[in-house]
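Coordinate inspection notes
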Amino acid sequence: MNLDELAQSAAAELAGLKSPDDAERFRIKYLGTKGLLKQASDHLRTIPADQKRAFGQQLNVLKNELTSKFEAARKELATAKPAAGSLTDVTEPGCLKFDRYQPGSLHLINQTIESLTDLFSKMGFAVAGGPELEDEFHNFDALNVPATHPARDPLDNFYLERPSGAQPFMLRSQTSSVQIRVMERSKPPIRIVAPGRVYRPDTVDATHSFMFHQLEGLVVDTDVTMVDLKTCIDQFARGFFGSDVQTRFRPSYFPFTEPSAEFDVLFHYPDGSTRWIELGGCGMVDPAVFAKVGIDPEIYTGFAFGLGIERVAMRRHGIGDIRAFYENDVRFLSQF
Ligand code: FA5
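Residues numbered from 1 in each chain as written. Predicted model: local features only at pLDDT ≥ 70, side-chain atom pairs only at ≥ 80, totals over all residues. Heavy atoms only, no water.

So, about the site of the ligand. Close contacts around the ligand come from 26 residues, with Gln-174, Ser-176, Arg-200, Asp-202 and Glu-278 the closest. Contacts to the ligand include Gln-174, whose side-chain N or O atom sits 2.7 Å from a nitrogen atom. Going through the elements one at a time, helix H8 (176-185), strand E5 (211-221), strand E7 (257-268), strand E8 (274-285) and strand E9 (301-308) are the ones with two or more residues in the shell around the ligand. For the shell around the ligand, the leading source of residues is E8, giving 5 residues. (Near = heavy atom within 4 Å. Polar contact = N/O pair within 3.5 Å; in protein donor to acceptor, adjacent residues only side chain to side chain. Helix = DSSP H or I, 4+ residues; strand = E, 2+ residues; numbered from the N terminus.)

Within the largest apolar cluster, 40 residues are counted, with the highest numbers of intra-cluster contacts made by Phe-120, Phe-236, Phe-241, Phe-305 and Leu-307. At the level of secondary structure, the elements contributing two or more residues to this core comprise helix H6 (108-122), E5, helix H9 (226-241), E7, E8, E9 and helix H11 (309-317). Considering each element in turn, this core owes the most residues, 7 residues, to H9. Those residues within four positions of Phe-236 in sequence are excluded, and the remaining contacts are Leu-116, Leu-119, Phe-120, Met-123, Phe-241, Leu-307 and Val-312. (Core = buried A, V, L, I, M, F, W, Y, C linked by side-chain atoms within 4.5 Å. Buried < 20%, exposed > 50% of the residue type's maximum accessible area, 1.4 Å probe, protein only. Contact = heavy atoms within 4.5 Å.)

The subject of this paragraph is the packing of helix H1 (residues 3-15) against helix H2 (residues 20-31). The interhelical angle for the contact between H1 and H2, taken along N-to-C directions, is 170°, at an axis separation of 11 Å. By the criterion of interaxial angle, the relationship of H1 to H2 is roughly antiparallel. Between H1, through Leu-6, Ser-9, Ala-10, Glu-13 and Leu-14, and H2, the contact on the second element is made entirely by Phe-26, Lys-29 and Tyr-30. The residue inventory of the contact of H1 with H2, partitioned by class, reads 5 nonpolar, 1 polar and 2 charged. (Axes fitted to C-alpha atoms, helices over the stretch in contact; angles between N-to-C directions. Parallel < 35°, antiparallel > 145°, perpendicular 65-115°, else oblique. Nonpolar A, V, L, I, M, F, W, Y, C, P; charged D, E, K, R; others polar.)

A few words on the pattern of salt bridges. Per the counting criterion, the structure on display carries 17 salt bridges. Note that Asp-22 is salt-bridged to Arg-25, the shortest N-O span being 2.8 Å. Here Asp-22 pairs with Arg-25, and both are found in helix H2, just 3 residues apart, close to one helical turn. Assessed through its relative accessible area of 52%, Arg-25 is described here as exposed. Measuring nitrogen to oxygen at the nearest pair gives 2.7 Å for the salt bridge that ties Asp-264 to Arg-250. With a gap of 14 residues between them, Asp-264 in strand E7 and Arg-250 in strand E6 (residues 247-254) connect regions that are remote in the sequence. Among the residues examined, Arg-250 registers a relative accessible area of 26% and is labelled partly exposed. Shared partners join several salt bridges into a network, and the residues in it are Arg-248, Arg-250, Glu-262 and Asp-264. (Salt bridge = Lys/Arg side-chain N within 4 Å of Asp/Glu carboxyl O.)

Here we take up the domain arrangement of the protein. The domains assigned to the protein are domain 1 (3-79) and domain 2 (108-333). Relative to domain 2, the C-alpha centre of domain 1 lies at a distance of 84 Å. (Domains from an automatic or database assignment.)

Below, the discussion takes up the pairing of E6. In this sheet, E7 lies alongside E6 in antiparallel orientation, the contact comprising 7 bridges. Residue pairing in the sheet places Arg-250 in a bridge with Glu-262 of E7. Here E6 folds back onto E7, and the loop between the two strands holds 2 residues. (Pairing = 2+ DSSP bridges.)

Moving on: the sheet that holds strand E1 (residues 126-127). Read across the sheet, 7 strands follow the order E1-E4-E5-E9-E8-E7-E6 without closing on themselves; strand pairing throughout is mixed. Edge strands, defined here as strands with exactly one partner in the open sheet, are E1 and E6. Pairing of strand E4 (residues 190-199) with E5 involves 10 bridges; the strand directions are antiparallel. By the bridge assignment for E5, Arg-191 is matched with Val-219. Sheet strands in contact with H8 are E4, E5 and E9, and its direction is about 40° off that of E5. Lying over the sheet, H9 contacts E6, E7, E8 and E9, oriented at roughly 30° with respect to E9.

Here we take up the packing of aromatic side chains. Counting across every chain of the model gives 14 aromatic pairs. On the numbers, 5.2 Å between centres and 85° between planes, the contact of Phe-240 with Phe-241 is edge-to-face. Per residue, the accessibility class of Phe-240 equals that of Phe-241, and both read buried. Taken together, the ring pairs connect Phe-120, Phe-125, Phe-236, Phe-240, Phe-241 and Phe-305 into an aromatic cluster. The ring of Phe-241 has Arg-315 lying over it, and the distance from NZ or CZ to the ring centre is 5.2 Å. Above the plane of the ring of Phe-240 lies Arg-316, whose end atom (NZ or CZ) is 3.9 Å from the centre. (Phe/Tyr/Trp six-rings, centres within 6.5 Å; stacked < 30°, edge-to-face > 60°. Lys NZ or Arg CZ within 6 Å of the ring centre and 35° of its normal.)

This part covers the environment of Lys-69. With respect to the secondary-structure elements, Lys-69 resides in helix H4 (residues 49-79). Put simply, Lys-69 and Leu-14 are 55 residues apart on the chain and 8.0 Å apart in space, counted from C-alpha to C-alpha.

Before going further, it helps to spend a moment on the pairing of E8. Relative to E8, E7 runs antiparallel, the two being bridged by 10 bridges. Note on E8: the bridge partner recorded for Leu-266 is Trp-276. Hairpin connection between E7 and E8: a loop of 5 residues separates the two successive antiparallel strands, and Gly-272 in this loop has a positive phi of roughly 95°. Relative to E9, E8 runs antiparallel, the two being bridged by 5 bridges. Bridged to Gly-281 within E9 is Gly-306.

So this is what it looks like as structure tokens:
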């Protein structure tokens, strides 16, 4: 074994170390327990006696020299700053670094709720809320819906199984339940909108879903009239869809409003055809409802409305089928 050659190759490799990993590889190769210096020590035993002394001395010098030079190099590499760009910055957001991570966004329904509550805030409405799991009192009784009314049919509602005799609970079928909750806890003047999910076992088609969203509106004050109601709906429609939107009111019936109406907007379909689509119901709060929540109908009047949020979003964005909202197809959702 030639120690001069060993010294030369070790010096060259030591000079070329670039990282702590390189240093570790060098240590194992030359200074490790099975390394080249150990092999040289083993070789000492096999060489002729007259050469042993000189070889041993040279080996010792080489070992000391390599060990100290290696330790110095290793220290330097451990504290050295990596060259620019040579390491990944793990604090960098993944979506910027890698194309495959697409930043998410609010679902179109939530975007629509935000736009609606923004617009109604500008019109002086506060935002209220109520539970999706309701009792019959808030969903029906207090809204003047008689016990025999077909809207209460178990086949038209999601009732919860309860022990016999317990008060029936249901997934609310309309955000009108929030009208009652707000009037129970606050006195007029009241001016709120309440967005939220509602549930009905309706047959699913292009404009109906079994879970959808409504935005309820309620105004209670002295001298509130049907003109205020119609003006409010028209202002909303123009503010939301643009000043050229066409709306129409049709007389209707709801147990909790008298008189009642439904309002439609004209939908323009991509193929150029048009169709009136019902956006919501509305009317003047029935005095019987005020009586249930302790508001004096001799002093106060009010109006209420409830509109379908999916329908509003469909009209605004030209979406022809309500099912698109719930299919979770990123190609659809990422357009908004
Ligand atoms: C109501 O739910 C009343 N609570 C509205 C109301 C509030 C009237 C206050 C008077 C005063 P209606 O069942 O018509 O009314 O529903 C209101 C709107 O919800 C409809 O006009 C429609 O836009 C939407 N809607 C109703 N059923 C569905 C459904 N299955 N899928 C999607 N949207 C629906």
